[in-house]
Amino acid sequence: MRPPVQCLFYIALTLSTAAVEAAIPRDAHLEPQVAEHIARALSAVEQTPESGSAWGELGMVYQANGLIGDARTSYTQARRRAPNDYRWHLLSALVEAKPHHVTQRLGEAHARAPDDYALVILYADNLVRTGRLLDSRAFYEHARKLDPGRGYADLGLARLDLLDRSLDQAEAHLQRALLNSPRNGDIHTLLAQVRQRQGNNHAAEQSAWRARSYGPGPRPRHPLLERMRKEGVSSALLQERGRELLAHGDFDTARQLLIRSHDIRPGAETQSDLARVDLAQGRFQQALTRYREVLERKPNNADWLTGAALALVQLGNLEAAEGQLRAALGQQPDHADANEAMGKVCLAGHRHREAAEYLQKTIGLDPTRYRLYHQLGVALENAGDPRNSLAARQKLRTLDPVHAANLRAVARLHLHLGDVRAAATTMRNLMSIHPDDVDVGLQLVQLLATTAEISSPDARDALEIATHLYARRRHDARFADLLAAAFAANARFEDAIRLGKRALTLAGDDPELTRTLSAHLDHYVHREPLRR
Amino acid sequence: MGAGVAWFDYDNDGDLDLYFAGSPPRGAALFRRNADGRYEEITATAGLVSQGQGMGVALGDIDNDGDLDLFLTRVHRDRLMRNNGDGTFTDTSLDAGFTAAGWSSSAAFCDIDTDGYLDLFVARYVVPDTHQRCSTEGGTPDYCPPNVYPSLPDRLYQNRGDGTFTDISTESGIGALSAPALGALCHDLNQDGHADIFVANDGTANHLWINDGEGGFTDQGVRRGVATNLFGEAEAGMGIAVGDVNHDEVLDLFLTHIDRESNTLYVSVGAQARAMADATIASGLGPPGMPFTGFGTAFLDIEHDGDLDLVIANGRVRRPARESVAQSPLTFPQIYGEQNLIMENSGRAHFTVRCEGDDFCRNVGISRGLTTADFDADGDLDLVVANAHGAARLYANVTRATGNWLRVRAVDGHRDAIGATISMLSTGRTQIRPVTHSASYLSSREAAVHFGLGSAPSVEAIVVMWPGGQIEQFEAAGINRQVSVRRGLGETAGSE
């Protein structure tokens, strides 16, 4: 529907005089709210034609709504009126058509805001793309000084080193970048290339695998560009931004934008996006209703069938969910979401072997879902396949070394497979990550004290950790017993007997615990350490 | 998306005929080159009339009978058209085992298991959804990018040698990854004697499937540096050109991309192409291509100066950003049409635009498929471009040659030695060319390779690395002519 004529404006911007004329557009092909938004920004320019900011804001509205020529003109006016405001130089750069003009504008912006980290990075990246490698190195170095805690400058320097074939230097920069962002797939991608060129095929493949699993890393984005994007008010842009926010977990704002988009241009796509928001925010029945509505229009859409299934899972109707997922997979056997959901439904239904197959397939289809190795480990372990369960968990451990539940499971599986030393190493690793987790400490000391050679380094470690834990839980019989076991493991049987007796005292009226502790005490009296 | 084109001698009469994969309303078409130099359409006579949306065309002699068969990729179901040797083709798709539905793009024949029969790789795109709506920033309806659709895993078919094929996508590892694939190249890129597969993906990381020689492929695109550009960005890969642009005797790759991305040149680094590096910046190929959406592309020595130049067929897939609210609505060709590009190699792998006064650049169209051949047998390579929503264009090379030339055909048994790499040694320089039909975007080229000799007055030797890795040297037999080298004979057979 065309907007009312009185709401439409076509303003010719005359560069020479900067006069502003209002006219009726011929056929602007703009959604009404876009035309109105432009009209408001134009009105501000009409009121303060000498204001650089007003022209700049108008340029942002044009740019965000895809009117690049008008944006370029507006920014030119803004730069003339406010030549020291870096913003209009920066935004001008993004609407220039020729690469050397882009570089020129970015250089002007940088000269006015030399310590703006995101701008420095943007400029340095642009210089690389246009072949000014030496200049770009200086700017990456400057960016690193501005914010040493972010890895992007090191990543940029590593790229330059790679171009120079300075592999060792590139690797050093990448290792430094990894300290700041260990799960940035871009860093691992370059590292894989460095190692490949060094002839280290195994390490190259490991890095490439990490790169695929982690996915692309975040790029520094200038806040001004984010601000400009918010001026985009077409239904398509609102939907796009809504989806981005949904992906980043900002559900409330995503919902607002998607509702606005849907109000302007109702459609099944935005309806299904809103269903995803409902799903994410726990409104499962509403999500299901929306999915059912869109599925009436397109009953074979695998995305929507999967969404409906996810809502049904949350509502406890696993049987119906499975039906929807089978339909989705019938349409698209390689639908990652449907495979993942099916894996989880099978897991919930204790069909562990089947669950493992779906989960394995999901990771293959989308390596960035590497956290599913945890569920895969559960499924394989419950399916009676501890070796492959351990292999899955070891992969997750490589990608996510601080995943506590996974580390516990790795230790447990090592024990199950009879590798006590590997179990102890894993538990030590877990304790170093979670030093205040007394349960971890408890398990580790139990393991060490009951398996280590008497007075061995492992036994001494057990005593040290047990003493540390007992100091925190002096009134808990289990910890006193633990310290007793650690003393015994170090052949300090008098101390073991003393702590064993204290444990008995602390056990109170618990007959089972008392029985266990008495049995332990008998060992110490007979000068024997506990054994698994 | 447009469609591809192939230049090949379908009736073995010694001249090059033209096949356009076509799309509605025109449809596919085969043109025979007659003795008077004119092309005559013979689609129906040849049995190649088809309904529906055609995409690509792959050439290969699947039964080693000396004539070229066609594999036609399509939006719904692919077709294998067997050349009967009498000027007609028979559709043997179902009998041969090609039953899979889905949208295929490029395809490439090569012998992955070195059993002497050509196997087939088929790149596949997305699951189309006609209900999906997309718009420009201002809300104008536009074509959707591929990432809004689910993508399909590619397929690999093993030739059983009896005219039928087995789908080995899963056991080979190829089927493990899904991506919207458009360009495909099958050649031994790491020089270990086994055919590898490079796939240009649209908006996701490219795949480089390295053949382990035992039936397995692993994607080494990331570690070998061709999955993304230098910035780690997955680009909109369309067409592929392959050739040695920097004279290091290892093949390099060039990929065309969408506007606002640069086209990308990957050059080999390290022994036996251990890795590749994004050399776009140093090559000068970045900025000139950025305003355009590149599709078909090829390396060729346009003026016979001894280095590989580059041609790129362009045509938008998304609306350009509007200049102004005042801008009048544009027509379809105005929105999507673009000029093509010729990039001239300085000889040191640095390229500059060489478009002045050239019809190839001047004609604005929605160009897609492109391929090269010496169709008029005058010693230089010519071009043909398939345009979407417009007539195809044939460009005769009228550039004044600055050097001599040599055309070499490597023959293994009754057919071209697809997968071989030919080295031509002339004064102070070695040039290499891959023997492959798969090229460019959705297109195929003749298997004979063309060398410009520059200032060299003669050729010292021709060395062929055959599929499987065996190397054979042949004595040169003159210049400015076509020669054939036959496996096992170790000698050249000249022809006028």
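1. Describing the overall build of chain A
In terms of helices and strands, chain A carries 29 helices and 2 strands. C-alpha extents for chain A along the principal axes are approximately 105 × 60 × 45 Å. A total of 532 residues make up chain A; the buried ones form 53% of that total. Of the roughly 24000 Å² of accessible surface on chain A, 51% is carried by carbon and sulfur atoms. Each charge class in chain A can be summarised by its mean position, and for the 69 positive and 65 negative side chains these summaries are 2 Å apart.

2. With respect to the overall build of chain B
Scanning chain B for helices and strands turns up 7 helices and 40 strands. Computed over the C-alpha atoms, the radius of gyration of chain B is 21 Å, within 12% of the 23 Å expected from 2.2 N^0.38 for a compact globule of 496 residues. The dimensions of chain B, computed from C-alpha atoms along their principal axes, are 65 × 50 × 50 Å. Looking at chain B as a whole, 63% of its 496 residues qualify as buried.

3. As for the interface of chain B and chain A
If you look at the interface, chain B gives 43 residues, while chain A gives 58 residues. In this assembly, chain B packs against chain A so that about 4300 Å² is buried in total across both faces, 52% of it on carbon and sulfur atoms. Here chain B is connected to chain A by 3 salt bridges. Note that Glu233 of chain B is salt-bridged to Arg219 of chain A, the shortest N-O span being 3.3 Å. Taken together, the connections running from chain B to chain A amount to 9 residue pairs in polar contact (both at pLDDT 80 or more). With 4 residues, the single largest contributor to the side of chain B that touches chain A is strand E22 (residues 275–278) of chain B. Here the residues of the side of chain B that touches chain A are counted per class, giving 18 nonpolar, 14 polar and 11 charged.

4. Quick word on empty space enclosed by the protein
Residue and element names in this part refer to chain B. Scanning the entire structure with this criterion turns up 9 cavities of 30 Å³ or more. Taken as a whole, the largest cavity spans an internal volume of roughly 180 Å³. Taken together, 16 residues form the lining of the largest cavity, with Phe299, Thr372, Leu381, Arg445 and His450 sitting closest to its centre. At the level of elements, strand E19 (240–243), strand E23 (294–300), strand E27 (366–373), strand E33 (429–434) and strand E36 (449–454) are the ones that each hand at least two residues to the lining of the largest cavity. Counted by class, the lining of the largest cavity contains 9 nonpolar, 3 polar and 4 charged residues.

5. Notes on the packing of aromatic side chains
Summed over all chains, the structure comprises 15 aromatic pairs over all chains. Clustering of aromatic rings is evident, with ring pairs tying together Phe71, Phe98, Tyr157 and Phe165 of chain B.

6. A short note on the sheet that holds strand E17 (residues 207–211) of chain B
Residues and elements named next belong to chain B. Taking strand neighbours across the sheet as the criterion, the 4 strands line up as E15-E16-E17-E18 in an open arrangement whose pairing is antiparallel. Of all the strands in the sheet, just strand E15 (181–187) and strand E18 (217–219) have a single pairing partner and so form its edges. Put simply, the sheet's adjacent strands are angled 20° from each other on average, direction ignored.

7. Details of the environment of Lys298 of chain A
Tracing the sequence through the fold places Lys298 of chain A in the loop between helix H16 (284–297) and helix H17 (302–314). By relative accessible area, Lys298 of chain A is classed as buried at 13%.

8. A word on the sheet that holds E33 of chain B
All names here are of chain B. One open sheet holds the 4 strands; their spatial order is E33-E32-E37-E38, and the pairing between them is antiparallel. Sheet topology places E33 and strand E38 (471–475) at the edges, where each strand pairs with a single neighbour. Neighbour-to-neighbour, the strand axes of this sheet turn through a mean angle of 20°, independent of strand direction. Pairing of strand E32 (residues 421–426) with E33, which is carried by 6 bridges, proceeds in the antiparallel orientation.

9. Quick word on the pattern of salt bridges
Applying the stated criterion across every chain yields a total of 60 salt bridges over all chains. Notably, a salt bridge pairs Asp91 of chain B with Arg79 of chain B, separated by 3.1 Å at the nearest N-O pair. Remark: Arg79 of chain B occurs in strand E7 (residues 79–83) and Asp91 of chain B occurs in strand E8 (residues 89–91); sequence separation between them is 12 residues. When its relative accessible area of 16% is taken as the criterion, Arg79 of chain B is described as buried. Several salt bridges share partner residues, and in doing so they unite Asp337, Glu340, Lys344, Asp366 and Arg369 of chain A into one network.

10. Details of the environment of Cys134 of chain B
Residues and elements named next belong to chain B. Here Cys134 lies in strand E11 (residues 134–135). Exposure remark for Cys134: the relative accessible area of 14% places this residue in the buried category. Sequence separation between Cys134 and Gln334 is 200 residues, and the spatial gap between their C-alpha atoms is 20 Å. In this structure Cys134 touches Thr140, Pro141, Asp142, Tyr143, Cys144, Pro145 and Val148, once residues within four positions along its chain are discounted.

The rules behind the values
- Residues numbered from 1 in each chain as written.
- Chains lettered and ligands numbered in written order.
- Predicted model: local features only at pLDDT ≥ 70, side-chain atom pairs only at ≥ 80, totals over all residues.
- Heavy atoms only, no water.
- Helix = DSSP H or I, 4+ residues; strand = E, 2+ residues; numbered from the N terminus.
- Buried < 20%, exposed > 50% of the residue type's maximum accessible area, 1.4 Å probe, protein only.
- Areas by Shrake-Rupley, 256 points an atom, 1.4 Å probe, with all protein chains shown as cover.
- Lys, Arg positive; Asp, Glu negative; His and termini not counted.
- Charge placed at Lys NZ, Arg CZ, Asp CG, Glu CD.
- Rg over C-alpha atoms; globule rule 2.2 N^0.38 Å.
- Contact = heavy atoms within 4.5 Å.
- Buried area = accessible area lost by both parts, 1.4 Å probe.
- Salt bridge = Lys/Arg side-chain N within 4 Å of Asp/Glu carboxyl O.
- Polar contact = N/O pair within 3.5 Å; in protein donor to acceptor, adjacent residues only side chain to side chain.
- Nonpolar A, V, L, I, M, F, W, Y, C, P; charged D, E, K, R; others polar.
- 1 Å grid on protein atoms, 1.4 Å probe; cavity = no way out; pocket = protein on both sides within 12 Å on 5 of 7 lines; lining within 4 Å.
- Points joined across faces, edges and corners; volume = space filled by probe spheres on them.
- Phe/Tyr/Trp six-rings, centres within 6.5 Å; stacked < 30°, edge-to-face > 60°.
- Pairing = 2+ DSSP bridges.
- Axes fitted to C-alpha atoms, helices over the stretch in contact; angles between N-to-C directions.

None of this, on its own, says anything about what the molecule does.
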